[in-house]
Amino acid sequence: MKYTKKLALLLTAALLLVAFAGCSEKAPSSSSQQAETQPEQSEESAEVAEVVEPVTLNFWHHYSAQSAENETLMNVLIPKFEEEHPEYKINAVSHEWADLHDKILISASSQTLPDVARLDIAWVPEFQKMNILVPLDQEMADFAEVSANLLPSAMSTGMVKGNYYAMALNTNTKILFYNEQALADAGIAVPKTMDEMLAAIAALSGTNENGQQVWGLNEPALAGWNITPYIWSNGGNITNEDYTVATGYLNGPETVAAIKTLADLYAAGQFTGFNSGDIPMTDGFGTGRYMMLLEGPWKTAELAGAYPDFKYGTSEMPAGSAGSISVLGGEDIAMFNTGNKEGAWEFMKFMTSDFAQEEMAKCGQIPVNKTALESDTVKNAAYAPFLEAITTAKARPPVASWSEIDGELTAAVTDIIVNGADVQATLDELAAKVDELLAK
Amino acid sequence: MELRSKRNRIQIGLLLLPGVAAFAIFTIYPILKLLYMSFLQWDLGSMFEHSFIGFQNYARVLSDETFHIAFVNTLVYTLVTVPGQMVLGLLAAVLINSIPRFRVTFRVIYYLPVITSWVIVSLIFRYIFNTEGMLNYLLTNVLQLSEANIRWLDTRWGGLSVAMMLGIWKGVGWNLVVFLAALQSVPQELYESAAIDGCGSFSKFFYITLPSIKSTILFALVMLTIGGFNVFTSIKMITDGKPMHQTEVVLTWMYNKAFTTGDFGYAAALSFIVAVTLVFLAILQFKAMKKNNDAS
């Protein structure tokens, strides 16, 4: 009896130890403490030819786990970096796109951020406002030299309030994807202007031979990423150039006209995709239910995987009264101020180098490195049509409250398009709300 | 029995320690920290330096229109799914209890939805109820009951109904197992003497079965009410609050505020309002049950 009790106590103690040993280990931040002492040590110990444990740098990204980009990252780029920098070891962690944003917010509040991360360009102002990014142009002596070889338009996405907090990593935009067969059957030329596009949408909408409804135009959501190309190409805007005021722009006549056009298309049964019950974008396009859409370079690989026999063409965003202006997407790479800055900077320089950029270009990432852009890999790539569109594309407002503005924008535009709310009145109300958010 | 000796008490205390410590660290501490957070300004611009702002976060939540929608939706979800699951679960339990064979087989079949992944069944429900989905195909093309496809998921009550159906379907098995265990503990003699007194099966059910399993019913009621207020995955996967936050529930709205817009102070206050509501509801349920007990 006594023996069992002692055993039970012993086991309990062991359980406690195991449980709380796990709690004390804080993986991501541990590397930063090591890092501060490590560089000097490595120099000294090199002389005595001792093997030094490399410092681990945590790198978070949203290259999909199964993608060619991730293969290249894990099997080509990281081994090469570790070979060039034996003092560092990269621990790359893949997240879903939306998860990565949320994970960084959570980690920031619990101070467990990684050293370096690949960020959607739209997140940079938000994270800068949170005070977790490092002003690279102030802290890195060779910043000017390194950034000189990167596209200025892409680099502008890393700038907030006059300082660079991130380096451009890759860029993209959306262009027109169309169902080749349907256009040929209807005898319609590929639309080059917005008017031609509207005519094509009307002609291609209706029912197919199975009696199923067919829509001329698809958008999978009604957020800024989806509707800004229509607004900008029509001469409208979200805010003024300084991103301080929305009234007069978001509810200006051009923006109102662009949104009204989309609402009319929806009412006429020619435009859909953003309702919960709608067919998903790729399936709808691949099965001939959606005839045209605006999408980025990744859609090529997606369609090749899901609908390899489907024939489609691509063309630049049809021009409105202000020209062909699509929305600029892409990613930046940035370091967090709680991480190992020296190591992170080495890795950032490597990821934007000619070598890494060309390797990534081979699997569909549009480079921002000027040398890589001149390479044959890029000139012969499937995304060549996107290169032209990037030069005229615009970035969404680089403001910290963009996520919130985007939420309000989506709700207001949904109210107009789906519920038929008055365009001018709804956008007036939205513009006033966005003014407040911009002032925050 | 020297259970209360000093030595024994130390031993009992030590044996309880891991459980108490884990509870304190993973439940009590987060709750207190959350309460503290709900009084701070804690958003994107003040992620590391928080100022005390009293009840401002609570005021913002309570005056937020989307919160009103989300709260009503959650309440409706709970009011529909809790009785729905309990009635169907109890019915199935009574039926299975009355058959002499295959009890285990039926129990397994009913329990299967409980152990399937929320994400996967949510996606399957979404495919069934899509505007171009299976149900509409059946209604328009096969049975030809409807001219055009019905937009089940695109309205507030349509989207919520689908989530509620999923909630009931997935919850019946749990209720069945709980009620079946309770039914088997009802003394057989009661039924026998009732039969001698000339009771039919309905009277037996209402005068013997239900009163005998009252404590189980209360247990299920409290657990399911908490579960109803915690609905998240199905809504997130099926409608994600669309259209225009009309199908938002309190947890999806809290998630959106905390992790999409970084408004942690607001989200903490929202959590506390939900927690207080739940405690209040649980007290009401206990009171109602006790009254009923005293009366009978």
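Sequence positions are assigned chain by chain, starting from 1 and proceeding in written order. Labels follow written order: the first chain is A, the first ligand is 1, and so on. Local features are withheld for residues below a pLDDT of 70 in this predicted model, meaning they are given only at 70 or higher, and side-chain atom pairs are given and counted only at 80 or more; totals for whole chains, interfaces and linings count all residues.

A.B. asks: Outline the overall build of chain A, listing residues and values.
C.D. replies: The helix count covers DSSP runs of H or I at least four residues long, the strand count covers runs of E at least two residues long, and both are numbered beginning at the N terminus. A tally of helices and strands in chain A yields 21 helices and 14 strands. Out of the 440 residues in chain A, the part that is buried amounts to 45%. We call two residues in contact when their backbone-placed C-beta atoms lie within 7 Å. Excluding contacts between residues fewer than 6 apart, the proportion of contacts in chain A whose partners are at least 24 apart in sequence is 74%. Residues with at least 20 other C-beta atoms within 10 Å of their own are called buried, those with 12 or fewer are called exposed, and the rest are partly exposed. The C-beta atoms themselves are positioned from the backbone.

A.B. asks: Tell me about the overall build of chain B, and please be specific about residues and values.
C.D. replies: Scanning chain B from N- to C-terminus turns up 13 helices and two strands. For chain B, the C-alpha atoms occupy an extent of roughly 80 × 75 × 35 Å along the three principal directions. A total of 296 residues make up chain B; the buried ones form 33% of that total. If you take every contact in chain B between residues at least 6 apart in sequence, the share linking residues at least 24 apart comes to 71%.

A.B. asks: Tell me what's going on with the sheet that holds strand E13 (residues 328–335) of chain A, and back it up with residues and numbers.
C.D. replies: All names here are of chain A. Two strands qualify as a pair provided DSSP detects at least 2 bridges between them. Read from one edge of the open sheet, six strands run E2-E1-E3-E13-E6-E14, paired in mixed fashion. Two strands close off the open sheet at either side, each with one partner strand: strand E2 (88–94) and strand E14 (366–367). Note that strand E6 (residues 167–173) and E14 share two bridges and pair antiparallel. The residue of E14 that forms the bridge with Asn170 is Pro367.

A.B. asks: A description of the confidence of the model for chain B should follow, citing residues and the corresponding values.
C.D. replies: Residues and elements named next belong to chain B. A score between 0 and 100, pLDDT records how confident the predictor is in each residue. Scored by pLDDT, chain B has a mean of 90; 97% of the residues are at 70 or more. No element of chain B has a lower mean pLDDT than helix H13 (residues 264–295), at 86, and none a higher one than helix H3 (residues 65–98), at 95. What the predictor reports for the complex is a pTM of 0.80 with an ipTM of 0.77.

A.B. asks: Tell me about the packing of helix H5 (residues 118–129) of chain B against helix H7 (residues 156–184) of chain B, and name the residues and values.
C.D. replies: All names here are of chain B. Lines fitted to C-alpha atoms define the axes, with helix axes restricted to the stretch in contact, and inter-axis angles between N-to-C directions lie between 0 and 180 degrees. Across the interface, H5 lies against H7 with an axial gap of 11 Å and an inter-helix angle of 135°. Regarding the angle of H5 to H7, the classification is oblique. In terms of crossing hand, the pair formed by H5 and H7 is right-handed. Listed contacts from H7 to Val121, Ser122, Phe125 and Phe129 of H5 are Val162, Leu166 and Lys170. Note on terminology: angles under 35 degrees are roughly parallel, angles over 145 are roughly antiparallel, angles of 65 to 115 are roughly perpendicular, and the others are oblique. Crossing handedness is defined as follows: a turn of the near helix away from the far one that is anticlockwise and smaller than a right angle gives a left-handed crossing, while the clockwise case is right-handed.

A.B. asks: I'd love a proper account of the interface of chain B and chain A, names of residues and values included.
C.D. replies: The partner chain A presents 27 residues to the 30 residues of chain B that form the contact. When residues of the side of chain B that touches chain A are traced back to their parent elements, those giving at least two are helix H1 (6–37) and helix H12 (250–260) of chain B. For the side of chain B that touches chain A, the class distribution of residues is 16 nonpolar, ten polar and four charged. Residues are grouped as follows: nonpolar covers Ala, Val, Leu, Ile, Met, Phe, Trp, Tyr, Cys and Pro; charged covers Asp, Glu, Lys and Arg; every other residue, Gly included, is treated as polar.

A.B. asks: Describe the packing of H7(B) against helix H10 (residues 214–229) of chain B, naming the residues involved and giving the relevant values.
C.D. replies: Residue and element names in this part refer to chain B. Put simply, H7 and H10 touch, their axes get as near as 10 Å, and they point 160° apart. By the criterion of interaxial angle, the relationship of H7 to H10 is roughly antiparallel. Note on packing geometry: the crossing formed by H7 with H10 is right-handed. Residues Gly171, Asn175, Val178, Phe179 and Ala182 of H7 touch H10, and the partners they reach there are Thr216, Ala220 and Leu224. Split into classes, the residues belonging to the contact of H7 with H10 amount to five nonpolar, three polar and no charged.

A.B. asks: I'd like a rundown of the domain arrangement of chain A, residues and numbers included.
C.D. replies: All names here are of chain A. Parsing chain A into structural domains produces domain 1 (55–172 + 329–392) and domain 2 (175–326 + 401–439). Domain start and end points were adopted from an automatic or database domain assignment. For domain 1 versus domain 2, the separation of C-alpha centres amounts to 29 Å. Taken residue by residue, the interface counts 14 residues in domain 1 and 15 residues in domain 2. Examining the composition of the side of domain 1 that touches domain 2, we find that five residues originate from one element, helix H19 (residues 384–392), more than from any other. In the side of domain 1 that touches domain 2, the residues fall into eight nonpolar, four polar and two charged.

A.B. asks: Pulling in residues and values, what's your account of the confidence of the model for chain A?
C.D. replies: Residues and elements named next belong to chain A. Summing up the model confidence of chain A, the mean pLDDT is 88 and the portion of residues at 70 or higher is 88%. Mean pLDDT values for the elements of chain A range from 43 in helix H2 (residues 27–47) up to 97 in helix H12 (residues 253–267). Note on residues 22–49: pLDDT under 50 across the span, and 30 contacts to partners over four residues away in sequence or across chains.

A.B. asks: Describe the pairing of E2(A), with residues and values.
C.D. replies: All names here are of chain A. In this sheet, E2 lies alongside strand E1 (residues 55–61) in parallel orientation, the contact comprising seven bridges. Paired with Asn58 across the strands is Asn91, a residue of E2. Looking down the strands as they point away from the viewer, one classifies a crossover as right-handed if the path from the first strand across the helix to the second runs clockwise. Tracing the backbone out of E1, into helix H3 (residues 68–84) and back to the parallel element E2 gives a crossover that is right-handed.

A.B. asks: An account of unusual backbone geometry is requested, with residue identities and associated values reported.
C.D. replies: Of note, the bond from Lys242(B) into Pro243(B) is cis; its omega dihedral lies within 30 degrees of zero at -10°. With respect to the element layout, Pro243(B) can be found in the loop between helix H11 (233–238) and H12. The phi angle at Lys161(A) is positive, at roughly 50°, despite the residue not being glycine. Among the structural elements, Lys161(A) can be located in the loop between strand E4 (159–160) and strand E5 (163–164).

A.B. asks: Tell me about the pairing of E1(A), and please be specific about residues and values.
C.D. replies: Residue and element names in this part refer to chain A. Burial within E1 is extensive, with six of its seven residues counted as buried. Here E1 pairs with strand E3 (residues 116–120) via two bridges, running parallel. Opposite Trp60, over in E3, you have Ala117 as the bridge partner.

A.B. asks: Before we move on, could you go through helix H4 (residues 103–115) of chain B and cite the residues and values that matter?
C.D. replies: A helix is expected to reach a length of 1.5 Å times the quantity of its residues less one. When the terminal C-alpha atoms of H4(B) are compared, their 19 Å separation across 13 residues agrees well with the 18 Å that a helix rising 1.5 Å per residue should span. Residue Ile109(B) marks the point of greatest curvature in H4(B), where the axis turns by about 25°; the proline Pro113(B) follows within four residues. Think of it this way: the bend at a residue is just the angle between two axes, each fitted to seven residues, one set ending at that residue and the other starting at it.

A.B. asks: Can you tell me about the environment of Phe39(B), naming the residues and giving the values?
C.D. replies: Looking at where Phe39(B) falls in the secondary structure, it is placed in the loop between H1 and strand E1 (40–41). Spatially, the C-alpha atoms of Phe39(B) and His50(B) are 9.5 Å apart, while their sequence positions differ by eleven residues.

A.B. asks: Any chance you could break down the environment of Gly277(A) for me, citing the residues and the numbers?
C.D. replies: In this fold, Gly277(A) is placed in the loop between strand E10 (271–272) and helix H13 (281–286). The exposure class assigned to Gly277(A) is buried, which follows from the 25 C-beta atoms found within 10 Å. Here Gly277(A) is in contact with Phe129(B), Asn130(B), Thr131(B), Arg151(B), Trp152(B), Leu153(B) and Asp154(B), once residues within four sequence places are set aside.

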